[in-house]
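Summary of the model geometry
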Amino acid sequence: MAGARGVGLVAPVLGGQPAKRRPEFEPEPEPEESFLLCDSASSHGDGSDSGLSDSEESIFSGLEDSGSDSSEDDDDDDDKGKGEISCDKGHSRTESQAQTGSPGLRTEMVRASSRNEYQEDSSDEEDIRNTVGNVPLEWYDDFPHVGYDLDGRRIYKPLRTRDELDQFLDKMDDPDFWRTVQDRMTGHDLRLTDEQVALVQRLQRGQFGDVGFNPYEPAVDFFSGDIMIHPVTNRPADKRSFIPSLVEKEKVSRMVHAIKMGWIQPRRPRDSTPSFYDLWAQEDPNAVLGRHRMHVPAPKLALPGHAESYNPPPEYLLSEEERLAWGQQEPGERKLNFLPQKFPSLRAVPAYSRFIQERFERCLDLYLCPRQRKMRVNVDPEDLIPKLPRPRDLQPFPTCQALVYRGHSDLVRSLSVSPGGQWLASGSDDGSLRFWEVATARCMKTVPVGGVVRSVAWNPNPAICLVAAALDDTVLLLNPALGDRLLVGSTDQLLGAFTPPEEPTLQPAQWLEASEEERQGSLRLRICHDKPVTQVTWHRHGDYLAVVLATPGHTQVLIHQLSRRRSQSPFRRSHGQVQCVAFHPTRPFLLVAFQRSVRVYHLLRQELTKKLMPNCKWVSSMAVHPAGDNIICGSYDSKLVWFDLDLSTKPYKVLRHHKKALRAVAFHPRYPLFASSSDDGTIIVCHGMVYNDLLQNPLLVPVKVLKGHTLTRDLGVLDVAFHPTQPWIFSSGADGTICLFT
């Protein structure tokens with residue numbers, strides 16, 4: 001094997017010698033074979049450059065030597081190194097002598113013949129220095145080496161310190177970059193020779209690897225059609241070829257018995273007559289498109305009349321004016337699609353010019369003819385309008401303006417009514433907080449706060465006389481000292497009963513007591529935040545209040561407890577910009593309105609219960625029905641959305657009665673009324689009856705449009721609030737006035 005490979009390797013080298021030198025090697029063929037064995041063995045064991053050209057080595061193997069460069073091969077032991085070096089030197093000298101015709105070749109061959117010819121022989125097809133066998137190379141991913149050589153030493157991976165930029169520069173500079181591949185057995189880069197590239201290209205094209213192989217050679221039949229004198233086999237015939245087969249006799253007897261018993265029937269001749277079947281036989285007779293129940297006959301052509309005659313009566317012929325009028329009409333408006341003409345005989349009638357067009361239109365009529373009778377529903381348009389009750393049947397509701405509260409010099413942003421309905425609080429941009437008597441429109445007290453009051457909320461607990469006002473980054477708690485003196489005193493006593501804890505806890509807000517001078521001006525407590533406050537609202541029991549801060553993040557909503565003077569942030573992450581919040585009137589829910597959604601949170605379980613999608617661009621305000629099962633939301637794109645929490649997370653009804661952005665919405669605590677205020681200067685009062693029967697949907701009827709404010713700086717009515725006991729509504733406008741409608 002090795003000798004044969006050696007001859008194949010050295011043949012190109014010897015082929016370059018002159019012809020007259022060839023007889024010098026013929027008398028001693030054995031030393032030549034020994035020398036060639038040494039040469040191939042050195043190429044096997046060494047992995048260094050063997051002195052052969054790329055084309056000569058490709059004759060030996062399909063690919064180049066996989067491990068040509070290794071740092072370990074340079075550090076071989078002395079015994080092996082000496083032998084290999086001497087053999088390499090002999091080979092290089094021999095090759096040079098063979099080209100120059102030197103007679104020293106025989107001496108080197110005799111020296112190489114003393115080596116063991118089977119010492120480094122290999123039976124593998126390829127010269128692979130990595131001797132790990134069939135072990136997957138992925139096992140060496142975490143090791144610095146990639147395998148072992150013939151002597152058991154590690155083959156280390158080359159250092160890959162080049163980034164993509166270096167590879168790109170090599171690709172641009174190196175003209176042989178496209179023919180460089182990486183040997184997975186050793187990790188080194190190999191440059192493919194021209195023969196190897198040609199081999200790869202032939203295999204990619206689906207051709208054979210050998211260039212000299214001809215797949216289209218003429219086939220030589222082993223058995224030809226010629227009669228031969230001597231047979232291929234001269235074996236005598238068997239005895240069984242002359243005796244009838246018993247197995248076949250048994251098969252024939254079985255078939256004869258089956259035919260006699262009638263188990264096997266003879267094949268009947270095929271009937272050549274075509275068979276027809278009813279296409280609609282399997283049609284469901286009860287189907288809508290059944291053939292007989294809903295049969296629509298094709299439309300028939302109208303029979304020709306006197307106008308179609310070749311000799312029509314004179315009254316059917318058109319005059320000159322009628323011809324001009326007929327030509328100016330649209331084709332669909334003409335009574336006749338042709339002009340009647342008179343001919344002396346039938347033989348004089350020319351060919352009809354529109355014959356093909358009329359036949360084509362007739363085919364279209366048949367093709368597009370409806371095959372189903374459609375039942376037309378005769379509906380009165382008045383029946384499609386829902387039957388709404390008359391507004392006068394839905395009284396009481398506010399209809400006219402009764403009082404105007406004047407005193408603010410700038411727009412009034414917020415207002416709130418006391419639980420008893422006797423007092424009214426309002427906050428304005430003029431830096432003041434005013435308290436009014438509802439019945440007389442008299443300003444009872446004015447508290448200057450020195451900033452814009454964005455929100456005002458009266459404590460809903462009738463046993464506490466307390467008002468919360470949002471001013472910049474502070475929430476002010478005021479005791480207006482209006483009404484019952486015992487109520488005012490009990491409120492101050494309740495606030496003064498707090499004892500601060502020994503170890504103050506870290507809170508998102510800071511509680512500060514008012515000074516004596518501020519207490520004279522009705523101020524009792526000050527809750528300071530780090531961001532501006534946009535809204536403040538109370539829980540129904542009057543001990544908790546929620547505030548909305550104008551800040552991004554999860555601290556937009558804070559809940560304060562009045563009795564323990566403690567603040568907490570209920571959310572850990574933010575879902576967008578919070579517009580407003582509201583407490584559920586009966587259940588431990590907190591409703592948070594974002595720009596595009598309304599989320600309902602369960603405060604005890606600390607989880608999200610529902611997510612309502614108003615389908616609005618920007619939610620501006622929100623109000624909860626006193627029963628707690630319905631919610632209304634106002635938006636800046638002039639929509640009012642009604643949600644039924646038991647029905648769906650989508651809107652039950654969307655009302656578009658306003659022409660501009662909605663600023664505030666409100667429910668009446670007792671009557672089935674709700675109202676919305678807008679920048680168009682109007683307040684729309686609607687009747688919203690919610691039934692106890694869950695199968696009956698709420699009845700929503702707009703009953704009154706109230707106008708009483710003038711537009712100022714493109715702003716109209718900024719806030720609305722219902723009276724707690726009467727069907728009255730208060731509204732605050734950008735013109736600095738407060739109106740009462742009764």
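Nothing here was measured: the structure is a model prediction, and the numbers come from that model. (Residues numbered from 1 in each chain as written. Predicted model: local features only at pLDDT ≥ 70, side-chain atom pairs only at ≥ 80, totals over all residues. Heavy atoms only, no water.)

**A few points about the sheet that holds strand S33 (residues 737-741)**
The cut-off we apply is this: What makes two strands pair is DSSP finding at least two bridges between them. Working definition: helices are DSSP H or I runs of at least four residues, strands are E runs of at least two. Numbering for both runs from the N terminus. Each axis is a line fitted through C-alpha atoms, taken for helices only over the stretch in contact, and angles between the N-to-C directions span 0 to 180 degrees.
Taken in spatial order, the 4 strands make up an open sheet running S5-S33-S32-S31, and their pairing is antiparallel. Strand pairing shows two members of the sheet lacking a second neighbour, strand S5 (401-406) and strand S31 (717-722), which therefore form its edges. Taking each pair of neighbouring strands and ignoring which way they run, the sheet shows an average axis angle of 20 degrees. Pairing of strand S32 (residues 729-733) with S33 involves 4 bridges; the strand directions are antiparallel. Bridged to Phe730 within S33 is Leu740.

**Details of the layout of surface pockets**
Taking a probe equal in size to a water molecule and rolling it over the atoms shows the remaining empty space. Going by this rule: In this analysis a 1.4 Å probe is tested at points of a 1 Å grid over the protein atoms alone, and where it fits but cannot get out there is a cavity; an open set with protein on both sides within 12 Å along at least five of seven lines is a pocket; lining residues have an atom within 4 Å of a point. Grid points are joined across faces, edges and corners, and a volume is the space filled by probe spheres set on the points. In the scheme used here, Gly and all other residues not listed as nonpolar or charged are polar, with Ala, Val, Leu, Ile, Met, Phe, Trp, Tyr, Cys and Pro taken as nonpolar and Asp, Glu, Lys and Arg as charged.
Taken as a whole, the second largest pocket holds about 1,100 Å³ of empty space. For the second largest pocket, the lining is made up of 32 residues, of which Glu308, Asn337, Phe338, Tyr352 and Glu358 are closest to its centre. For the lining of the second largest pocket, the residue count by class is 18 nonpolar, 4 polar and 10 charged.

**Comments concerning the confidence of the model for the chain**
Counted only if it meets this: Within a predicted model, pLDDT stands for the predictor's per-residue confidence, ranging from 0 to 100. Contact between two residues is taken to exist if any of their heavy atoms lie within 4.5 Å; hydrogens are not considered.
Mean pLDDT over the chain stands at 78; residues scoring 70 or higher make up 79%. When the elements of the chain are averaged for pLDDT, helix H1 (residues 2-15) gives the smallest value, 36, and helix H8 (residues 246-261) the largest, 94. This stretch, residues 1-115, has a pLDDT under 50; its non-local contacts, to residues over four places away or in other chains, come to 121 contacts. Here residues 120-128 scores under 50 on pLDDT; set against residues more than four positions off or in separate chains, the count is 19 contacts.

**What about the pattern of salt bridges?**
This is how the line gets drawn: Basic side-chain nitrogens of Lys or Arg form a salt bridge, by our definition, when they fall within 4 Å of a carboxyl oxygen of Asp or Glu. Only protein chains enter the calculation, and the probe is 1.4 Å; a residue is then buried if its accessible area is under 20% of its type maximum, exposed if over 50%, and partly exposed in between.
Per the stated rule, a full pass over the model turns up 16 salt bridges. One salt bridge connects Arg179 with Asp194, and the closest N-O pair in it is separated by 2.8 Å. Of the two residues, Arg179 sits in the loop between helix H6 (164-173) and strand S3 (180-182) while Asp194 sits in helix H7 (residues 194-204), which places them 15 residues apart along the sequence. By relative accessible area, which is 9% here, Arg179 ends up buried. Salt-bridge contacts for Arg240 lead to Asp238; the nearest nitrogen and oxygen are separated by 3.2 Å. For Asp238, a relative accessible area of 24% puts it in the partly exposed group. Linked by salt bridges that have partners in common, Asp149, Asp151 and Arg153 make up one network.

**Remarks on a nonpolar patch on the surface**
Spelled out, the test is: By definition, no residue in a patch forms a salt bridge, and every one has over 30% relative accessible area; like charges are joined within 9 Å, nonpolar side chains (Val, Leu, Ile, Met, Phe, Trp, Tyr) within 5 Å. The Shrake-Rupley method, run with a 1.4 Å probe sphere, supplies the accessible areas, and residue values consider only the shown protein chains as cover.
A cluster of nonpolar side chains, namely Met255, Ile259, Met261, Trp263 and Ile264, defines an oily patch on the protein surface of about 570 Å² accessible area. In this fold, Met255 is placed in helix H8.

**Quick look at the packing of aromatic side chains**
Our working rule: Within 6.5 Å between ring centres, the rings of Phe, Tyr and Trp (the latter by its six-membered ring) count as paired, and their orientation is classed by plane angle as stacked under 30 degrees, edge-to-face over 60, tilted in between. For a Lys NZ or an Arg CZ to count as sitting over a ring, it must be within 6 Å of the ring centre and within 35 degrees of the ring normal.
By the definition in use, this model includes 9 aromatic pairs. When the ring of Trp642 is compared with that of Phe667, the centres are 5.6 Å apart and the planes differ by 75 degrees; the resulting orientation is edge-to-face. Of the two residues, Trp642 sits in strand S25 (residues 640-644) while Phe667 sits in strand S27 (residues 662-667), which places them 25 residues apart along the sequence. The exposure classification of Trp642 matches that of Phe667, with both residues buried. Here the aromatic rings of Phe667 and Phe674 are separated by 5.9 Å at their centres, their planes lie at 55 degrees, and the arrangement is tilted. The burial state of Phe667 is the same as that of Phe674; both residues are buried. Each residue in the set Tyr405, Trp436 and Phe730 is aromatic and connected to the rest through ring pairs, giving one cluster. Across the ring face of Trp326, the terminal group of Arg334 is positioned such that the distance to the ring centre comes to 4.2 Å. In this structure, Lys653 is placed above the aromatic ring of Tyr652, and the distance from its NZ or CZ to the ring centre is 5.3 Å.

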